[in-house]
Amino acid sequence: MNISDASLAQITWNKIISDHLYDTLDTYVSFWALFFLSCFGAATNTLNVIVFLDQGFKDGVNISLMSITFWDLVKCTNGLIHRMYGPISLFSTAVASSWRNITFPYVEYTPIFASYVAYALATYVSVERCLCVCKPFKVKAIFTPKFTLVMVVLISLIVFGAYVVIYFLYEIYYDYSAYLNSTIAYYKYNRLYFEYGRIIMPYYKFVAIGLPSLSFITLCVSSATTVYHLKKSAKIFQRYQLQSRRDKNASGISHREKQVSKMLLVVIIVNIGNLFPRIIFYVGQLVEPEFYVLKKYHNFFLTVAEFLFILDFTNASVNFFIFLSMSTNFKYTFKQIMSKLVKFE
């Protein structure tokens, strides 16, 4: 477990998930499944970064997608760093336990916060896309690349900054483990938590539910509106398909804009599907305050969290395949890069 042997005797945990079952699930889910998913996600998002850098950022869409890719890469990289305790355990169980406990309070939280930033950025994209299909001529003049860059930076700083306080609630200490016959690093709540936890934790739970919930609602409404206008645009196109080219585009939405909107809708829908279970997870924490780390339902909390991480890392990995299958420009650039690499070899 992630606390000292002495502390185990002081805390009574509800055994909805027994220690043995948790350790088994942790081995197969946290290490094997999440380790390889985070590796895969880091690889696919690195490819996304390479393609976007090659394409440049003259288009606001590329800036938005690059920002989401950046946070997905942060998510997967930190998930991989934390789960290096798996490979380390092949050489030393004691060092692996220390690595896991040292990185948990800091590195393990980062993928969660990076996910929240990615959700917020996806929300920005959904609103921008909704406005583009509703008022294409008016909105294009506002959502310039410079404006988009400023917005994604502000959103990233504000959302990630809202959760930074959690990094200051833990401290690392060392204690002898009779089981491992070695001195091991552990984590525990620090003085700041015990003095101000009654203020910090309600605040954290509020923003942890409030910001993702706001993103979820906005994503749903803007996506539904975008789908409605795309269908309306398609009907207009069919109605005027025998007339001049100008009449065919009477809706004001070009064919490229429609394709980009459809691709972004898929990205947004994937985020909606991933976000909903996490909102339920945090509502559960409001209903039951003991459903948290180092609380009564410690094992159950971490088990549910690990399955949510599977959704997070899967979500971070699939965007590459969405871009590759739905964006002609992305596919072309990727093939060009691959062909250059093959020639270089």
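What counts and how
Residues numbered from 1 in each chain as written. Predicted model: local features only at pLDDT ≥ 70, side-chain atom pairs only at ≥ 80, totals over all residues. Heavy atoms only, no water. UniProt positions renumbered as here; feature names shortened; annotations may be inferred. Helix = DSSP H or I, 4+ residues; strand = E, 2+ residues; numbered from the N terminus. Pairing = 2+ DSSP bridges. Expected span 1.5 Å × (residues − 1). Buried < 20%, exposed > 50% of the residue type's maximum accessible area, 1.4 Å probe, protein only. Polar contact = N/O pair within 3.5 Å; in protein donor to acceptor, adjacent residues only side chain to side chain. Disulfide = S-S within 2.5 Å. Contact = heavy atoms within 4.5 Å. 1 Å grid on protein atoms, 1.4 Å probe; cavity = no way out; pocket = protein on both sides within 12 Å on 5 of 7 lines; lining within 4 Å. Points joined across faces, edges and corners; volume = space filled by probe spheres on them. Nonpolar A, V, L, I, M, F, W, Y, C, P; charged D, E, K, R; others polar. Salt bridge = Lys/Arg side-chain N within 4 Å of Asp/Glu carboxyl O.

Q: Can you help me understand the UniProt feature "transmembrane region" (unreviewed entry) in the protein chain in this one?
A: Per the UniProt record, the feature "transmembrane region" (unreviewed entry) sits at residues 31-53, 147-170, 206-230, 263-287 and 307-330. Taken end to end, residues 31-53 has its terminal C-alpha atoms 32 Å apart, with 100% of it in helix and 0% in strand. In residues 206-230, helix accounts for 100% and strand for 0%; the two terminal C-alpha atoms are 35 Å from one another.

Q: Would you mind showing me how to read the pairing of strand β1 (residues 170-177) here?
A: Along any regular strand the residues' side chains alternate between the sheet's two faces. Here eight bridges tie β1 to strand β2 (residues 182-189), and the two strands are oriented antiparallel to one another. Bridge pairing in β2 places Ile 172 opposite Tyr 187. Hairpin connection from β1 to β2: four residues lie between these consecutive antiparallel strands, with Asn 181 at a positive phi of about 55 degrees.

Q: Would you mind showing me how to read helix α3 (residues 60-82) here?
A: Think of an α-helix as turning once every 3.6 residues; residues three or four places apart then point the same way. A rise of 1.5 Å per residue sets the reference length of α3, with its 23 residues, at 33 Å; its end C-alpha atoms lie 34 Å apart and thus fit the reference within 8%. Counting buried residues along α3, 18 of its 23 residues qualify, which places the element largely inside the surrounding structure. If you check the start of α3, you find a side-chain oxygen 3.1 Å away from the backbone N of Val 61, and it comes from Asp 59.

Q: Would you mind going over the state of the cysteines with me for this structure?
A: In protein structure, a disulfide is the covalent linkage between the sulfur atoms of two cysteines. Counted according to the given criterion, the structure contains zero disulfides. Distance from the sulfur of Cys 76, which forms no disulfide, to the nearest cysteine sulfur (Cys 39) is 9.4 Å. Taking the relative accessible area as the measure of exposure, Cys 76 reaches 0% and is therefore buried. With no disulfide partner, Cys 132 has as its closest neighbouring cysteine sulfur the one in Cys 130, 9.4 Å distant. What makes Cys 132 buried here is its relative accessible area of 5%.

Q: Is there a simple way to think about the environment of Met 263 in this case?
A: Mapped onto the elements of the fold, Met 263 is located in helix α11 (residues 255-287). Residue classification places Met 263 among the buried residues on the basis of a relative accessible area of 5%. Spatially, the C-alpha atom of Met 263 lies 5.8 Å from that of Met 326, the residues being 63 residues apart in sequence. With sequence-adjacent residues up to four places away left out, Met 263 is seen in contact with Leu 65, Ile 322, Phe 323, Met 326 and Ser 327.

Q: Would you take a moment to explain empty space enclosed by the protein for this structure?
A: Gaps left between atoms show up when a probe the size of a water molecule is rolled over them. Using the criterion set out here, one finds one cavity of 30 Å³ or more in the structure. Each pocket or cavity is described by its volume, and for the largest cavity that value is around 220 Å³. Lining of the largest cavity is provided by 22 residues; of these, Phe 104, Glu 108, Leu 302, Ala 305 and Phe 309 occupy positions nearest its centre. When contributions to the lining of the largest cavity are tallied by element, the ones reaching two or more residues are α2 (19-55), α6 (109-134), α11 and α12 (298-326). In terms of residue count, α12 provides more of the lining of the largest cavity than any other element does, five residues in total. Here the residues of the lining of the largest cavity are counted per class, giving 14 nonpolar, three polar and five charged.

Q: I keep staring at the pattern of salt bridges and nothing clicks. Help me out?
A: Between side chains of opposite charge, a pair can form as their charged atoms come close. All chains considered together, the criterion is met by six salt bridges. Across the pair Glu 171 and Lys 188 runs a salt bridge whose closest N-O atoms are separated by 3.6 Å. A residue pair is termed long-range when its members are at least 10 positions apart, and Glu 171 in strand β1 and Lys 188 in strand β2 qualify at 17 residues. Glu 171 gets classed as partly exposed once you look at its relative accessible area, which sits at 32%. The partly exposed category is assigned to Lys 188, whose relative accessible area is 34%.

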